[in-house]
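Chain by chain, the residues run as shown.
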Amino acid sequence: EENFNGYFGAKHEWAPSENEERYGFAEHGFGYGWQEFDDRFDLSNPNYANEQNRFGWIVEIDPWKAGVKPIKRTALGRFKHEGIALTVGRNGRVVGYMGDDERFDYIYKFVSNGNWQRMIERGESPLDKGRLFVAKFNDDGTGNWLHLNVRNPLLREAGFDNQAQVLTFARRAADILGATPMDRPEWTTVAPNGDVYCTLTNNSRRETPDAANPLAPNSDGHIIKWRDADEHVGRTFEWDIFVVAQDRHGQEDTFSDPDGIWADPDGRLFIQTDGGQMDGLNNQMLVADTNTGEIRRLFEGVAGDEITGVATTPDRRTMFVNSQHPGNGDPDATNVPVLNETPDGTTVPRDVTWVLTRKDGGIIGS
């Protein structure tokens, strides 16, 4: 659940609390006006004082059990989730890496309390019981995972009374512990060799650069990578900048605003974009050789869209990629990929999933 704050507003006089302000709640939200028709979304209604806290979580849906309700995994923390990259760490513990898609917000890590298979055998979800951390990037290329735990004296002094409050207001807890504000951390992915990558889409408001966010302003974004100690469950890591998009300007592999990212089983990195591209390009998907740093363009979308989401068949010879809001819904901008006739006879471009294959039938990206 990502931009949840924008769906709330206030029908009557209202002033945000410290927590509400930190999560971006405002009188008019994004202008949808839902509060005018459903009291749940009225920030000024005392009967729904905590409604906004029900949103901002990772939601798990079991595709094999159609009748089971989706479950919000609150142990993973509440913020603007772009997604989660899961891997198995030392002793079979589930580890999840997440970005909070906001300027000057943070990168998080979750580690389950135990071996995921044994937890499931006991009837426990490994996503319900574990520890939540936030990243601090040091200038020397090292980093620390700061434990978001209510027993920390700094959080106690700030008024956190229990762990539920820490998870619900994870941003404020991370502020207090001194996490590193990043340039819109979005997708994360874990490569076969254990490297973790995160896309930093952009930050036009940054005035002072730092080691992990080297541009001010950062109009085109960058990708950072790190390697955790102790097979993903350690409290420290080593990091480096993988690529700065601005450095690619005018080259064959020009791109801006990295967003979606996925490392395949061979370690190739698929990079998807969402934002104004340099050199007049549309949003696109590229593939990077993480050993040599070579990047090649694999797919380009249409005017006004976002390239997002990636999945492959088990043999990786067929890939599925989404084009979201092509033309921003304007048929004058594009009539690709498809048109949908509305009741008044007009047509609008629709979201679509593209299917990619190689002409020689080989593995995508190879």
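All of these numbers come straight from a predicted model, not from anything done at the bench. (Residues numbered from 1 in each chain as written. Predicted model: local features only at pLDDT ≥ 70, side-chain atom pairs only at ≥ 80, totals over all residues. Heavy atoms only, no water.)

Some details on the overall build of the protein
Working step 1: When its secondary structure is counted, the protein shows five helices and 22 strands.
Working step 2: For a compact globule of 366 residues, the expected C-alpha radius of gyration is about 21 Å, and the protein comes in at 21 Å, within 12% of that figure.
Working step 3: Principal-axis analysis of the C-alpha atoms gives the protein an extent of 60 × 55 × 50 Å.
Working step 4: For the protein, the proportion of its 366 residues judged to be buried stands at 49%.
Working step 5: Put simply, 52% of the contacts in the protein that link residues at least 6 apart link residues at least 24 apart.
Working step 6: For the protein, the distance from the average site of its 38 positive side-chain charges to the average site of its 59 negative ones is 8 Å. (Helix = DSSP H or I, 4+ residues; strand = E, 2+ residues; numbered from the N terminus. Rg over C-alpha atoms; globule rule 2.2 N^0.38 Å. Buried < 20%, exposed > 50% of the residue type's maximum accessible area, 1.4 Å probe, protein only. Contact = heavy atoms within 4.5 Å. Lys, Arg positive; Asp, Glu negative; His and termini not counted. Charge placed at Lys NZ, Arg CZ, Asp CG, Glu CD.)

Observations regarding the pattern of salt bridges
Two side chains with opposite charge may pair up if their charged atoms get near one another.
Working step 1: One pass over the structure, following the stated rule, counts 30 salt bridges.
Working step 2: For Arg 184, the salt bridge goes to Glu 186, with nearest N and O atoms at 2.9 Å. The pair Arg 184 / Glu 186 is uniform in exposure class, with both members buried.
Working step 3: Note that Arg 316 is salt-bridged to Asp 266, the shortest N-O span being 2.8 Å. (Salt bridge = Lys/Arg side-chain N within 4 Å of Asp/Glu carboxyl O.)

Observations concerning the sheet that holds strand S22 (residues 352-357)
Working step 1: Across the sheet, which stays open at both edges, the three strands sit in the order S18-S19-S22 with antiparallel pairing between neighbours. Pairing within the sheet leaves two strands with one partner each, and these edge strands are strand S18 (306-312) and S22. Pairs of neighbouring strands in the sheet enclose a mean axial angle of 25°, with direction left out of account.
Working step 2: Where strand S19 (residues 318-324) lies against S22, six bridges are found, and the strand directions are antiparallel. Looking at the pairing, Met 319 lines up with Leu 356 of S22. (Pairing = 2+ DSSP bridges. Axes fitted to C-alpha atoms, helices over the stretch in contact; angles between N-to-C directions.)

A short note on the pairing of strand S8 (residues 142-147)
Working step 1: Here strand S7 (residues 130-137) pairs with S8 via five bridges, running antiparallel. Bridging across to S8, Phe 133 finds its partner in His 147.
Working step 2: Between S7 and S8, which pair antiparallel in sequence order, lie four residues; one of them, Gly 141, sits at a positive phi of approximately 85°.
Working step 3: Where S8 meets strand S13 (residues 236-244), three bridges bridge the pair, whose relative direction is antiparallel. Bridge pairing links Gly 143 to Phe 237 in S13.

Things to note about the packing of aromatic side chains
Two measures describe an aromatic ring pair: the distance that separates the ring centres and the angle between the ring planes.
Working step 1: Evaluated as defined, the whole model comprises 25 aromatic pairs.
Working step 2: Judged by centre distance (6.4 Å) and plane angle (35°), the rings of Phe 41 and Phe 55 are tilted. Placement of the pair is Phe 41 in the loop between helix H1 (18-22) and strand S1 (58-60) and Phe 55 in the loop between H1 and S1, with a sequence separation of 14 residues. The pair Phe 41 / Phe 55 is uniform in exposure class, with both members buried. (Phe/Tyr/Trp six-rings, centres within 6.5 Å; stacked < 30°, edge-to-face > 60°.)

What about the pairing of strand S4 (residues 93-99)?
Working step 1: Burial analysis of S4 places seven of its seven residues in the buried class, which makes it a mostly covered element.
Working step 2: On S4, burial covers both faces: Arg 93, Val 95, Tyr 97 and Gly 99 on one face and Val 94, Gly 96 and Met 98 on the other are all buried.
Working step 3: Sheet topology note: the strand S3 (residues 85-88)/S4 ladder contains four bridges and is antiparallel. Note that in S4 the partner of Ala 85 across the bridge is Tyr 97.
Working step 4: Bridge analysis of S4 against strand S6 (residues 107-115) gives six bridges, and the strand direction is antiparallel. Each residue of the ladder has a partner; that of Val 95, found in S6, is Val 111.

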